[in-house]
Amino acid sequence: MDVDYGKCWDTSKKSWKGTLILAYQSLGVVYGDLSISPLYVYKSTFAEDIHHSETNEEIFGVLSFVFWTLTLVPLFKYVFIVLRADDNGEGGTFALYSLICRHAKVSLLPNRQVADEALSTYKLEHPPETKNSSRMKLLLEKHKSLHTALLILVLLGTCMVIGDGLLTPAISVFSAVSGLELSMSRDHHQYAVIPITCFILVCLFALQHYGTHRVGFCFAPIVMTWLLCISALGLYNIIHWNPQVYKALSPYYMVKFLKKTRKGGWMSLGGILLCITGSEAMFADLGHFSYAAIQIAFTFLVYPALILAYMGQAAFLSRHHHTIHKIGFYVSVPDCVRWPVLVIAILASVVGSQAIISGTFSIINQSQSLGCFPRVKVVHTNAKIHGQIYIPEINWILMILCVAVTIGFRDTKHMGNASGLAVMAVMLVTTCLTSLVIILCWNKPPILALGFLLLFGSIELLYFSASVIKFLEGAWLPILLALFLVTVMFVWHYATVKKYEYDLHNKVSLEWLLALGPSLGITRVPGIGLVFTDLTSGIPANFSRFVTNLPAYHRILVFVCVKSVPVPFVPPAERYLVGRVGPAAHRSYRCIVRYGYRDVHQDVDSFESELVSRLADYIRYDWYKAHGIIDTCNEDDGSRSGASSAECRLTVIGTLDLSGAPAFELEENVQPASVSVGFPTVESVTDVIEMQPVVRRVRFAIDNESEVDSRGEMDAQLQEELEDLYAAQQAGTAFVLGHSHVKAKQGSSMLKRLAINYGYNFLKRNCRGADVSLKVPPASLLEVGMVYIV
């Protein structure tokens, strides 16, 4: 007992040390954007709507708004509530959507299987389901229109994150560089700030393909230095100019501010909201760190530093009503340290921009994984660190748009209006989705979810309305961008689902495949044929078209379905579902490869060798099981009755080692992914999923000569099947992919014809093909033309 206690204590000490290291590292990734907001908040707020007067009511009112906004939204909403709505440690818009889809059947993703629910990462907490939560669940599941509305809401949030990835680098770097205006004449600085900003932005995007791991080690020190710098400047300004500025933290000053400024004060909220830009990164980057690390870093360092910075600027401005230059961050910086602060500010703005650019790449990759974005090339810049990716097409588009925004807007006011609207839209989406999580996933009373929605939703709606009113002054950009991206993503997703439905209705029966033979002029050629399809059962129509036009197929035939499941990660041991298609002599198999929305897809070489290895393991497992050598203790024989006669059950082939059969009785503890349990799929095919770690008993009894002969015959047949597999691998692998053209069926509405015939086909022609995404060698590729009438 004492030993166990000592171990727990030691582990606790180690974990706290690790948490503090993670909290330090999170500064460079999570808080880069949020920490540089003091550069432009006051400047955007006092740009036009309100003016700094002798009474200081405006500056104190703005400070009070900033303090309570930072306290209520990032601290209370994100740190104490939203961060708890994680999906296996992952955060972000898709994490919330994934959680909701697992607790209620609202997903529009095709090829869903009940078998996916056996994944260890598909865990569902089951507190007692309340009557009200079950009502909400039934309401969502009943109406298909609510499924579509939920998806559009998620896509809208995703598009606003992408818009933020375009606007944040522009406003951050521009605000940092604008400090030069205090060191040169007005005529000169306007010709220097824009070119320097554009140069820094071009360099930032041009270096993306190298990855952040080369310079990532210095991100945390830069942000730490910046936070200490603004804290010190804030303390200096408070003590030197106005020690009584703390009184402005009272909510009384907010009321006083709104009474005096009225409409102008409400419109100025569009600048104040910029103080919480980057708050969403705390949730989106949760998977790279931990809840405790992000909580500690924000509560004990970032939050106090930002409050001191804003108080210091307010203290300075309360004693300087007629500054030569416009209100801004740099006017409150003493002349003796202005240049070092300028350099640190530029470096911090680059770090903040890098974080949001990386986040944009990540969310586009997630959207692509879930079939909501056209296929793009994803490059993993670091083989050791998961999640560091680079998307060339998106990178260059972002760079061009970012430079265009800088040159087109030319001031913090318009950039701030655009950025503020994007930020508030993302936060509103997060608030709505978290309210659903509170009811469906946490099974809390609806009154709590309603309270959360009303409290934080009303605050965000107030700020959102102040941003929307400035539509003509920059806010039009994220709205236009979001409308375009939501249209693209929804059209792509809609056409993808329709293609799947077409495949499902036109699949070929197994009897047709088994009837193919020499009598029909069909020959089997050496090698492995990998037929890629979205179907999890049945023979795809593109294969029947292939055999009709080319009357031959490979000796080893594998129907491969690469699918996404609504979890962030699928453990490698649970990734492959393998089963037979037809009898063993036919040498046909089905393999379903499952990925989470944050998983790294394997390249074609490792995928091919891994697939052959899993097929070999499955063949051994199937032979031993069929001949009673393996006895799975918790397998329910009743589940076999639901098995389809067309296809054998699918089995998770993971860490199971079946390279040789021992000739004695063996009892062993098997790792997870090693016990078979039946689950029917959507298409009524039973899968065998291997999950909980239990004891497996393997028995080999040799009592008489007949059993010895039977065992020898079985070994010969097993060896023959394995030899066929390895011989086919040596002969080469062919990848059979469908090359599709989609047309709307006759009688479709004008909108559907436009979306399918022109929109989807245009996107498909101009995005990466499936062969490029899978990195299939051209010499091994066989494309089958298919016309989909949807």
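Structure shown above.
Novice: Could you clarify how one ought to interpret the overall build of the protein in this entry?
Specialist: In terms of helices and strands, the protein carries 24 helices and 14 strands. Relative to its full complement of 790 residues, the protein shows a buried share of 55%. Only carbon and sulfur atoms are counted for the fraction: they give 62% of the accessible area of the protein, which is about 33,600 Å².

Novice: Before we go on, may I ask you to explain the pairing of strand β5 (residues 576-580) in this structure?
Specialist: The two faces of a sheet get side chains in turn, since along a regular strand they alternate between them. When you tally the buried positions in β5, you get 5 out of 5 residues, the bulk of the element. Where β5 meets strand β6 (residues 588-595), 5 bridges bridge the pair, whose relative direction is antiparallel. When the sheet's bridge partners are listed, Val578 is paired in β6 with Cys591.

Novice: Whenever I open this one, the packing of helix α10 (residues 252-261) against helix α11 (residues 263-272) confuses me. Can you help?
Specialist: A packed helix pair is summarised by two numbers, namely the angle formed by the two axes and the spacing between the axes. Running from N to C, α10 and α11 cross one another at 120°; their axes reach a closest spacing of 5 Å. With respect to each other, α10 and α11 are oriented oblique. Residues Phe257, Leu258 and Thr261 of α10 form the contact with α11, whose own contacting residues are Lys263, Gly264, Gly265, Trp266 and Ser268. Here the residues of the contact of α10 with α11 are counted per class, giving 3 nonpolar, 4 polar and 1 charged.

Novice: Whenever I open this one, the environment of Val429 confuses me. Can you help?
Specialist: Position of Val429 among the secondary structure elements: in helix α16 (residues 412-440). By relative accessible area, which is 3% here, Val429 ends up buried. For Val429, the residues in contact, after removing those within four places along its chain, are Thr93, Leu153 and Gly157.

Novice: Just to check I follow, could you spell out the packing of helix α7 (residues 144-177) against helix α15 (residues 392-409) for this structure?
Specialist: Where α7 contacts α15, the axes come no closer than 9 Å and their chain directions differ by 50°. Of the possible angle classes, the one that applies to α7 and α15 is oblique. Note that α7 runs across α15; the crossing there is right-handed. Across the interface between the two elements, Ile162, Gly165, Leu166, Leu167, Pro169, Ala170 and Phe174 from α7 touch Leu398, Leu401, Cys402, Val405 and Thr406 from α15.

Novice: How do you make sense of the side chain of Asn242 when you look at a structure like this?
Specialist: Of note, Asn242 is situated in the loop between α9 (219-241) and α10. Within the structure, the side chain of Asn242 is placed 3.1 Å from the side chain of Ser318, a separation counted as a polar contact. In this view, Asn242 contacts Phe60, Asn237, Ala315, Ser318 and Arg319; residues no more than four positions away in its chain are not counted.

Novice: Just checking my understanding: could you explain the packing of aromatic side chains for this structure?
Specialist: The description of an aromatic ring pair rests on the distance of the ring centres and on the angle between the ring planes. The full count for this structure, using the stated rule, is 22 aromatic pairs. The interplanar angle of 70° and the centroid separation of 5.8 Å between the aromatic rings of Phe65 and Phe257 together place this pair among those described as edge-to-face. Of the two residues, Phe65 sits in helix α4 (residues 57-80) while Phe257 sits in helix α10, which places them 192 residues apart along the sequence. Residue classification places Phe65 among the buried residues on the basis of a relative accessible area of 7%. Since its relative accessible area comes to 1%, Phe257 is described here as buried. Cluster of aromatic residues (ring-pair linked, three or more members): Trp512, Phe543, Phe546, Tyr553 and Phe559. The aromatic ring of Tyr122 is capped on one face by Arg102, whose charged end is 5.3 Å from the ring centroid. Just above the ring of Tyr788 sits the side chain of Lys499; from NZ or CZ to the centre is 5.4 Å.

Novice: In this structure, what is going on with the pattern of salt bridges? I would like to understand it.
Specialist: A side chain with one charge can pair with a side chain of the opposite charge if their charged atoms come near. One pass over the full model with this rule turns up 17 salt bridges. Asp87 is the salt-bridge partner of Arg102, the closest N and O atoms lying 2.8 Å from each other. Of this pair, Arg102 sits in helix α5 (residues 93-103) while Asp87 sits in the loop between α4 and α5, and the two are 15 residues apart along the sequence. Counted as one network, the salt bridges with shared partners bring together Glu57, Glu58, Lys256 and Lys260.

How each quantity is defined
- Residues numbered from 1 in each chain as written.
- Predicted model: local features only at pLDDT ≥ 70, side-chain atom pairs only at ≥ 80, totals over all residues.
- Heavy atoms only, no water.
- Helix = DSSP H or I, 4+ residues; strand = E, 2+ residues; numbered from the N terminus.
- Buried < 20%, exposed > 50% of the residue type's maximum accessible area, 1.4 Å probe, protein only.
- Areas by Shrake-Rupley, 256 points an atom, 1.4 Å probe, with all protein chains shown as cover.
- Pairing = 2+ DSSP bridges.
- Axes fitted to C-alpha atoms, helices over the stretch in contact; angles between N-to-C directions.
- Parallel < 35°, antiparallel > 145°, perpendicular 65-115°, else oblique.
- Contact = heavy atoms within 4.5 Å.
- Nonpolar A, V, L, I, M, F, W, Y, C, P; charged D, E, K, R; others polar.
- Left-handed = near helix turned anticlockwise from the far one by under 90°.
- Polar contact = N/O pair within 3.5 Å; in protein donor to acceptor, adjacent residues only side chain to side chain.
- Phe/Tyr/Trp six-rings, centres within 6.5 Å; stacked < 30°, edge-to-face > 60°.
- Lys NZ or Arg CZ within 6 Å of the ring centre and 35° of its normal.
- Salt bridge = Lys/Arg side-chain N within 4 Å of Asp/Glu carboxyl O.

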